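Now for the letters of each chain:
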Amino acid sequence: MIGMAKPFVGQEEIDAVVAVMKSGMLACGAVVTEFEEKFADYIGMNAGVASCNGTTALHVALLSLGISEGDKVLTTPFTFIASSNSLLFNRATPVFVDIDPKTYLLDPEKLEAYLEEHYEPSMKAILVVHLFGLPCDMPAIMKIADKYNLKVIEDCAQSHGSEINGKKAGSFGDVSCFSFYPTKNMTTGEGGITLYKDSELAELGKKYINHGRVDQYLHDVLGFNYRMTNIAAAIGLEQLKRVDGFNDNRRKNAKIYDEKLANNDAIKLPFVPEGYKHVYHQYTIALNGVDREALQAHMLKNGVGSAVVYPFSMNEQPFYKDVCQFDNLSHAENAARVVLSIPVHPALTEDEVLKVIDVINSFVN
Ligand SMILES: *Cc1c(COP(=O)(O)O)cnc(C)c1O
């Protein structure tokens, strides 16, 4: 079976975990601090606050920026539910703006048009998601944010190491958030990190992940226990050394798909704008006139996994109806009907990639 994900754990990760176990310092300590510094450095931000998963990293990012009840945040409806749920945790309202159907990412032109028509002072921030490993058009987003005085949060849970003209996704906005779940581009088991441009804001983030603690048993804000463990950070430090190699493998697999699935009207391939480095958390095609469920069943029968990422636009989630705001999300709703992600993870062999291609072609052609 060729699956959708296969996390790589080497001897170095195992040795690093054993060393933490032997040290006796299992919870949040010096190893976490080292991981925070090295990961922030890798992305190009000034400080990091590690947490227990990517969802908490988003929650803490918004807490640090002071996003709270009555605030509105502009964001994409085509993403994993954690992105916009983080707004609901803070009683803020997600304002969904449609995606660009070429990239599946928040469309800066639609964002600007929406703001021109609907801007109100309660709109405090833009939450972008670099979905599938492709960065959003951050130069355009930052210009809009500047014009309307909005903070920018980057959800980089799928985009570790992706770049625009050599600058990494996660280094453009005020705050950026990563997940280290095992299926992501690198892992700590479970884990997350919030990166900050402003180091003082990071101090606030550190407080929020640790019960709002200012001194022993003294707390000046409502905080949470979202701390990362030294065990997870030890895995992360080793994975950080490998992430560029993992991404190279993903990109190599994607290149074979790009070449061998091209020139087929039934399949729309991922689009990569000039100067962008896509890190293919997912290799996502869009089907045209092909029965998606039937194709998935055919692939499964032939030992090839696939996944619909994502089957719903966020406004279609049952409990979102009364808690969000939007105009027209037809591109996001349509994407949810036609996208299909196929295996692209770094452990695939070339033969496996070629088999995926054969199995798809034998159904589509
Ligand atoms: C995985 C993911 C998250 C949440 O990360 P967890 O570590 O699973 O909590 C948030 N946003 C996006 C886009 C994701 O893919």
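Values in this document were obtained by computation on a predicted structure and should not be read as measured data.

## Remarks on the overall build of the protein
- Each helix and strand counted, the protein has 11 helices and 18 strands in total.
- Projected onto the principal axes, the alpha-carbon positions of the protein cover approximately 65 × 55 × 35 Å.
- Across the 365 residues in the protein, those meeting the buried criterion constitute 56%.
- Within the protein, residue pairs in contact and separated by at least 24 positions form 73% of the contacts whose partners lie at least 6 positions apart.

## Some words on helix α7 (residues 199-208)
- Residues of α7 that are buried: Leu201, Ala202, Gly205, Lys207 and Tyr208.
- Its buried side turned inward, α7 meets β1 (47-51), α3 (54-64), β10 (175-179), β11 (192-196) and β12 (213-215).
- For α7, the N-terminal cap is Asp198; the gap from its side-chain oxygen to the backbone nitrogen of Glu200 is 2.8 Å.

## A look at the sheet that holds β10
- Read across the open sheet, the 8 strands follow the order β1-β11-β10-β7-β6-β2-β3-β17; overall the sheet is mixed. Of all strands in the sheet, those bounded by a partner on one side alone are β1 and β17 (325-326).
- Relative to β11, β1 runs antiparallel, the two sharing 5 bridges. The partner of Ala50 across the bridge, within β11, is Ile193.

## Quick word on unusual backbone geometry
- Here the residue pair Val309 and Tyr310 is connected by a cis peptide bond, since its omega of 10° sits within 30 degrees of zero.
- Mapped onto the elements, Tyr310 comes out in the loop between α9 (292-301) and β17.
- Phi at Asn165 is positive, roughly 45°, even though this residue is not glycine.
- Considering the arrangement of structural elements, one finds Asn165 in the loop between β8 (163-164) and β9 (167-168).
- Of note in the backbone geometry, His211 takes a positive phi value of approximately 60° without being a glycine.
- Relative to the elements of secondary structure, His211 occurs in the loop between α7 and β12.
- Note on His211: relative accessible area 38%, which makes it partly exposed.

## Here's the deal with the site of the ligand
- In the neighbourhood of the ligand, 14 residues make up the surrounding shell, with Gly54, Thr55, Asp155, Ser179 and Lys184 lying closest.
- At a separation of 2.6 Å, an oxygen atom of the ligand approaches a polar side-chain atom of Lys184.
- Where the shell around the ligand is concerned, the elements lending two or more residues are α3 and α4 (81-89).
- The dominant element in the shell around the ligand, judged by the number of residues it contributes, is α3, at 3 residues.
- Residue composition of the shell around the ligand, by class: 5 nonpolar, 7 polar and 2 charged.

## Focus: a nonpolar patch on the surface
- Side chains of Val9, Ile14 and Val18 sit close together on the surface and give an oily, nonpolar patch of about 230 Å² of accessible area.
- Positionally, Val9 belongs in the segment before α1 (11-23).

## Some points on the pattern of salt bridges
- Throughout the structure, instances matching the rule amount to 12 salt bridges.
- We note a salt bridge from Lys38 to Glu34, for which the minimum N-O separation is 2.6 Å. Of this pair, Lys38 and Glu34 both sit in helix α2 (residues 30-43), separated by 4 residues, roughly a single helical turn.
- Judged by its relative accessible area of 44%, Lys38 falls in the partly exposed class.
- A salt bridge links Arg337 to Glu316; the nearest nitrogen and oxygen atoms lie 3.0 Å apart. Linking Arg337 in helix α10 (residues 330-338) with Glu316 in the loop between α9 and β17, this pair joins segments that are 21 residues apart in sequence.
- Of the residues examined, Arg337 reaches a relative accessible area of 38% and is grouped as partly exposed.
- Among the charged side chains, a salt-bridge network with shared partners connects Glu12, Glu13 and Arg242.

## Brief notes about the side chain of Arg250
- Assignment of secondary structure puts Arg250 in helix α8 (residues 230-260).
- Despite its burial, Arg250 pairs with no opposite charge, the nearest such side chain being Asp248 at 10 Å.

## Details of the pairing of strand β7 (residues 151-155)
- For β7, the buried fraction is high: 4 of the 5 residues fall into the buried class.
- Bridge count for strand β6 (residues 123-129) against β7 is 5 bridges, and the pairing is parallel. Its bridge partner lying in β7, Val129 is registered against Asp155.
- For the crossover that starts at β6, traverses helix α6 (residues 138-148) and ends in the parallel β7, the hand is right-handed.
- Alignment of β7 against β10, held across 3 bridges, turns out to be parallel. Its bridge partner lying in β10, Asp155 is registered against Cys177.

## With respect to the nonpolar core
- Among the nonpolar cores identified, the biggest contains 36 residues, and Leu74, Phe78, Tyr104, Leu111 and Ile126 are the most heavily contacted of them.
- In this structure, Ala266, Ile267, Tyr283 and Met299 belong to the second largest nonpolar core, which totals 25 residues.

## Digging into the sheet that holds strand β18 (residues 339-342)
- Taking strand neighbours across the sheet as the criterion, the 3 strands line up as β14-β16-β18 in an open arrangement whose pairing is antiparallel. Where the open sheet ends on each side, the last strands, each with one partner, are β14 (267-268) and β18.
- Along the sheet face, α9 touches β16 (283-287) and β18 and points at about 15° away from the line of β18.

What counts as what
- Residues take numbers from 1 onward in each chain, read along the sequence in its written order.
- In keeping with the predicted nature of the model, local features appear solely for residues at pLDDT of at least 70, side-chain atom pairs appear and are counted solely at 80 or more, and the whole-chain, interface and lining totals rest on all residues.
- Side-chain figures throughout are based on the complete set of non-hydrogen atoms in the structure, without hydrogens or water.
- In DSSP terms, a helix is any run of H or I states spanning at least four residues, a strand is any run of E spanning at least two, and both are numbered starting from the N terminus.
- Buried means the residue's accessible area, taken with a 1.4 Å probe over protein chains only, is under 20% of the maximum for its type, while exposed means over 50%, and partly exposed covers the values in between.
- Residue contacts are counted whenever heavy atoms from the two residues lie within 4.5 Å of one another.
- Counting of polar contacts relies on pairs of N or O atoms within 3.5 Å, with two restrictions inside protein: one atom must be capable of donating a hydrogen and the other of accepting it, and residues adjacent in sequence are counted only when both atoms are side-chain atoms.
- Two strands are said to pair when DSSP picks up at least two bridges between them.
- The rule for a residue being near a molecule or strand is that one of its heavy atoms must lie within 4 Å of it.
- Side-chain classes follow a simple rule in which Ala, Val, Leu, Ile, Met, Phe, Trp, Tyr, Cys and Pro form the nonpolar group, Asp, Glu, Lys and Arg form the charged group, and the remainder, Gly included, forms the polar group.
- A patch is a set of surface residues, each over 30% in relative accessible area and not in a salt bridge, joined within 9 Å for like charges and within 5 Å for the nonpolar side chains Val, Leu, Ile, Met, Phe, Trp and Tyr.
- A 1.4 Å probe and the Shrake-Rupley method give the accessible areas. Residues count as covered only by the protein chains that appear here.
- Only one rule defines a salt bridge in this text: a Lys or Arg side-chain nitrogen within 4 Å of an Asp or Glu carboxyl oxygen.
- Think of it this way: Lys and Arg go in the positive column, Asp and Glu in the negative one, and His and the chain ends go nowhere.
- Consider the strands pointing away from the viewer: the crossover is right-handed when the path from the first strand over the helix to the second runs clockwise.
- Here, nonpolar core means buried Ala, Val, Leu, Ile, Met, Phe, Trp, Tyr and Cys residues that are tied together by side-chain atoms lying within 4.5 Å of each other.
- Only the stretch in contact is used when a helix axis is fitted, and all axes are lines through C-alpha atoms; the angle between N-to-C directions ranges over 0 to 180 degrees.

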